[in-house]
Amino acid sequence: MCGIVGYIGNRDAYPIILNGLKRLEYRGYDSAGIALYDGTNIQLCKTKGKVSDLEKRVKKEIDTKGSLGIGHTRWATHGVPNDVNSHPQYSNSGNLVLIHNGIIENYATIKEELLKRGYTFSSETDTEVLVNLIEDVKKNENVKLGKAVQIALNQVVGAYAIALFDKNKPDEIVVAKLGSPLAIGIGDDEFFVASDASPFIEFTNNAIYLEDEEMAIIRKGREINVRKIKDDRSVDPYVQELEMNLEQIEKGGYEHFMLKEIFEQPSVIKDTYRGRLLANKGIIKLGGLENYIKKFTNADRIIIVACGTSWHAGLVAEYIFEDWARIPVEVEYASEFRYRNPIITEKDVVIAISQSGETADTLAAVKLAKEKGAFVYGICNVVGSTIPRETHSGTYTHAGPEIGVASTKAFTTQITVLTMIALKLAKIKGTIPYSDYMQHLRELELIPSKVEEALKANHKIEEIAEIFKGVNNFLYLGRGYNFPVALEGALKLKEISYIHAEGYPAAEMKHGPIALIDEHMPVVVIAVNSNHYDKVVSNIQEIKSRKGVIIAVVTKGDTVVKEIADYIMEVPNTEEALSPLVTTIPLQLLSYHIAVMLNRNVDQPRNLAKSVTVE
Ligand code: F6R
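Residues numbered from 1 in each chain as written. Predicted model: local features only at pLDDT ≥ 70, side-chain atom pairs only at ≥ 80, totals over all residues. Heavy atoms only, no water.

Q: What is the right way to look at the sheet that holds strand β6 (residues 96-104) in this model?
A: Strand order in the open sheet formed by seven strands is β5-β6-β7-β8-β12-β13-β14, with antiparallel pairing between adjacent strands. Looking at the sheet topology across the chains shown, the edges are occupied by β5 (89-90) and β14 (234-235). Alignment of strand β13 (residues 225-228) against β14, held across two bridges, turns out to be antiparallel. Looking across to β14, one finds that R227 is bridged to S234. In this fold helix α4 (residues 126-141) packs onto β5, β6 and β7 (158-166), with an angle of close to 125° to the strand it touches most, β6. (Pairing = 2+ DSSP bridges. Helix = DSSP H or I, 4+ residues; strand = E, 2+ residues; numbered from the N terminus. Contact = heavy atoms within 4.5 Å. Axes fitted to C-alpha atoms, helices over the stretch in contact; angles between N-to-C directions.)

Q: Is there a simple way to explain the site of the ligand in this structure?
A: Lining the immediate environment of the ligand, one finds 14 residues, of which S310, S354, S356, T359 and E495 sit closest. K492 places a polar side-chain atom, nitrogen or oxygen, 3.0 Å from an oxygen atom of the ligand. When isolated, the ligand has an accessible area of 410 Å², and the protein chains bury 90% of it. When residues of the shell around the ligand are traced back to their parent elements, those giving at least two are α10 (308-325) and α17 (483-497). For the shell around the ligand, a count of residues per class yields four nonpolar, eight polar and two charged. (Near = heavy atom within 4 Å. Polar contact = N/O pair within 3.5 Å; in protein donor to acceptor, adjacent residues only side chain to side chain. Areas by Shrake-Rupley, 256 points an atom, 1.4 Å probe, with all protein chains shown as cover. Nonpolar A, V, L, I, M, F, W, Y, C, P; charged D, E, K, R; others polar.)

Q: Honestly, the packing of helix α7 (residues 265-273) against helix α14 (residues 409-429) in this entry has me stumped. Any pointers?
A: Relative orientation and spacing of two packed helices are given, respectively, by the angle between their axes and the distance between those axes. Between α7 and α14, the least distance of the axes is 9 Å, while the angle of their chain directions is 30°. On the basis of the axis angle, α7 is roughly parallel to α14. Taken as a pair, α7 and α14 cross one another with a handedness that is right-handed. In this structure, α7 contributes Q265, V268, I269, T272 and Y273 to the contact, and α14 contributes K409, T412, T413, T416, V417 and M420. Per-class residue counts for the contact of α7 with α14 are five nonpolar, five polar and one charged. (Parallel < 35°, antiparallel > 145°, perpendicular 65-115°, else oblique. Left-handed = near helix turned anticlockwise from the far one by under 90°.)

Q: How should the pairing of strand β2 (residues 31-37) be read in this particular structure?
A: Remember that side chains alternate between the two faces of the sheet whenever the strand is regular. β2 sits mainly inside the fold: seven of its seven residues count as buried. Here seven bridges tie β2 to strand β3 (residues 42-48), and the two strands are oriented antiparallel to one another. Residue pairing across strands places I34 opposite C45, the latter belonging to β3. In this structure, the hairpin formed by β2 and β3 is closed by a connection of four residues, where G39 is found at a positive phi of approximately 95°. Two strands pair when backbone bridges link them, and β2 and strand β4 (residues 68-74) are joined in this way by seven bridges, in the antiparallel orientation. Across the sheet, the residue bridging to S31 is R74, located in β4. (Buried < 20%, exposed > 50% of the residue type's maximum accessible area, 1.4 Å probe, protein only.)

Q: Please clarify how the nonpolar core should be interpreted in this entry.
A: Looking at soluble globular proteins, one finds that nonpolar side chains tend to be buried together. Grouped together as the largest cluster of nonpolar side chains are 92 residues, with contacts concentrated most on F296, F321, I351, I421, F474 and Y476. Of all the elements, α14 adds the most residues to this core, at ten residues. Each of domain 2 (252-453) and domain 3 (456-598) gives at least three residues to this core. I351 has contacts with F296, I302, I303, I304, V305, F321, Y377, I379 and L418, leaving out every residue within four places of it along the chain. Ranked by size, the runner-up nonpolar core spans 30 residues in total, among them Y14, L24, V51 and L54. (Core = buried A, V, L, I, M, F, W, Y, C linked by side-chain atoms within 4.5 Å. Domains from an automatic or database assignment.)

Q: Help me out: how do you make sense of the packing of aromatic side chains in this one?
A: Geometry of an aromatic ring pair is reported as the spacing of the ring centres plus the angle between the planes. Counting across every chain of the model gives 15 aromatic pairs. Their ring planes at 55° and their centres at 5.2 Å tell us that Y7 and F192 sit as a pair that is tilted. Taken together, the residues Y7 in strand β1 (residues 3-8) and F192 in strand β10 (residues 191-194) connect sequence positions 185 residues apart. Residues W311 and Y333 carry aromatic rings whose centres are separated by 3.9 Å and whose planes lie at 15° to one another, so their mutual orientation is stacked. Taken together, the residues W311 in helix α10 and Y333 in strand β19 (residues 329-333) connect sequence positions 22 residues apart. A relative accessible area of 40% places Y333 in the partly exposed class. (Phe/Tyr/Trp six-rings, centres within 6.5 Å; stacked < 30°, edge-to-face > 60°.)

Q: Teacher, can you tell me more about the sheet that holds β10 here?
A: Within a sheet, each strand pairs with its neighbour through backbone hydrogen bonds, oriented either parallel or antiparallel. Across the sheet, eight strands lie side by side as β3-β2-β4-β1-β10-β9-β11-β15; this open sheet has antiparallel pairing. The strands lining the two open edges of the sheet, one partner per strand, are β3 and β15 (240-241). Sitting on the sheet, helix α1 (residues 13-24) touches β1, β2, β4 and β10, and the angle it makes with β1 is about 160°. Relative to the sheet, helix α2 (residues 51-61) contacts β2, β3 and β4, its axis offset from that of β3 by approximately 140°.

Q: Whenever I open this one, the environment of E452 confuses me. Can you help?
A: Considering the arrangement of structural elements, one finds E452 in helix α15 (residues 434-455). Assessed through its relative accessible area of 44%, E452 is described here as partly exposed. Sequence spacing of E452 and L115 is 337 residues, and the spatial spacing of their C-alpha atoms is 61 Å.

Q: Even after reading the chapter, I still don't get the pattern of salt bridges, so can you show me in this structure?
A: Side chains carrying opposite charge are able to pair once their charged atoms draw close together. Overall, the coordinates contain 35 salt bridges when judged by the stated rule. One salt bridge in this structure joins D231 and R233, with 3.2 Å as the shortest N-O distance. The class for R233 is partly exposed, based on a relative accessible area of 48%. When the shortest N-O distance is used, the salt bridge between K492 and E488 registers 2.5 Å. Pair noted here: K492 and E488 are both in helix α17, with a separation of four residues, about one helical turn. Pair check on accessibility: K492 and E488 agree, each one buried. Taken together, the shared-partner salt bridges connect E113, K116, R117 and D136 into one network. (Salt bridge = Lys/Arg side-chain N within 4 Å of Asp/Glu carboxyl O.)

Q: How should I be thinking about the side chain of D136 in this particular structure?
A: Note that D136 resides in helix α4. Here D136 is in contact with L114, R117 and Y119, once residues within four sequence places are set aside.

Q: Would you mind going over unusual backbone geometry with me for this structure?
A: Peptide bonds are, in most cases, trans, and in most cases residues other than glycine have a negative phi. Note the cis peptide between H87 and P88, where omega equals 0°. Counting through the fold element by element, P88 comes out in the loop between β4 and β5. Positive phi outside glycine occurs at N599, with the angle close to 65°. For N599, the location among the structural elements is in the segment after α20 (580-597). You can call N599 exposed: its relative accessible area is 72%. The phi dihedral of N607 is positive, around 65°, even though this residue is not glycine.

Pasting the structure below:
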């Protein structure tokens, strides 16, 4: 994880790097650091804490001159978060300065070798080992910095995106990538380096995304020299035009990114289906799918791999694909799938779902499925990220940057894409009547306005949050399509409020969790119109007769549950299969308000990071 930023050009590097780090803080926020170089002196400042803590220290401690600089925001892997373990890390001579996102797995062996050769280490990090290895190679082989980086990285096992400079080379930054993302922004006579394009979006729309096992030597006023790390082959880089704009990555008047992203859902769901869903004409057109329809229709089964919230979207898809397209679906935690010797054949289609497109376990699952001959399809949000490049084909969700660590709009846009795929396949396979197909299409098109309506309950949900903010445990129940929504609601609450919450299929409750029910246990039940409505009502009665407190998500106009439940959160009526797109909204808002009331850091909850690029 971690975020890295670099700049070389004619402007002051400090404000660019500081702002960049603030935008990348979603990648890690337990410590931060910066190194600036004015051609004579290197100024380095780093601290445990957030980028705002770094900013305060920089003001007091260093001179911010310099038009070359690198910065880092950390999510600790090797070594506790403290000042010393923060990046950048110096080499022993003090000439090389390096930032790193990733893990050097064989760092202990390398460190042992370097210790024998007289190197000393002040931190516990694998990063300090790497910068000294590069220094050692540079000295012993008498080579330039770029070559030394290449030779050193060939001795390294693990994952990295690195940026470093040499005090003796005031016009050069060297970067390299394997497994962690790295983008290079190309301006006029200036270059930017970052974990994603957000730090440089106001300066340039042109970027190169390095591929794995590539490095680049970036010199002020010159062409970028991209090379393969393994054999030093020169590469002609592809310069991509970016779609992101500055407004998309700012809070736009909301108190938190999470709230902004919750409220963006009506428009981003529309963005997800725009140009792809032509309801009046009965057409669904997904660029990445058109050439591979047969892979899906001939598949023995679909295996969905994902983590966290994306895994919950996969569970919703299992219901939709099986119900409409009649294709067997298995949904797997990517972290389990990759290590359990799964049976995968060439007749399987594997769908990898990931907001960031960088989740290490999902990426490993993609690689495994490819090795075993399956066709692998990606559903990702971040354009140009690793998973879309590793999969055979795929669809972007177009939700725009999701900055809040708790995933919200990624979930609903993933479901939107999966729904379109399922509908398209159902139509081609003839597994649903055409009239039903048209009805589903029209209903999907109405979902943004229904989400908009569900958001109107915000104030009422805030009042419910006020009542329950002091509770230690929550239970979330749902059935059918809304069972995954119960899981997602519980995940949202625990990750941002730190309140324990469990999601359960409502009918399973009597096989254990019902023992937990008493007057202190709030139970959030998704009880909207569905085939299981009566059964959910019975489940609610079971809870009520044990003095449980019910907060129910109900369809507008519901009278039955309204009578029994203690509190209700209304959502507009929609088809059962599409209901997760609206029932998830009040649950997102409930967790948001409780977290705010408890003074939690909503956008950056403790111990988490936005993209989990480590195992
Ligand atoms: C929860 C959350 C995580 C992610 C998970 C997968 O709110 O954000 O559970 O869903 O880490 O991340 P992606 O989708 O980027 O692969």
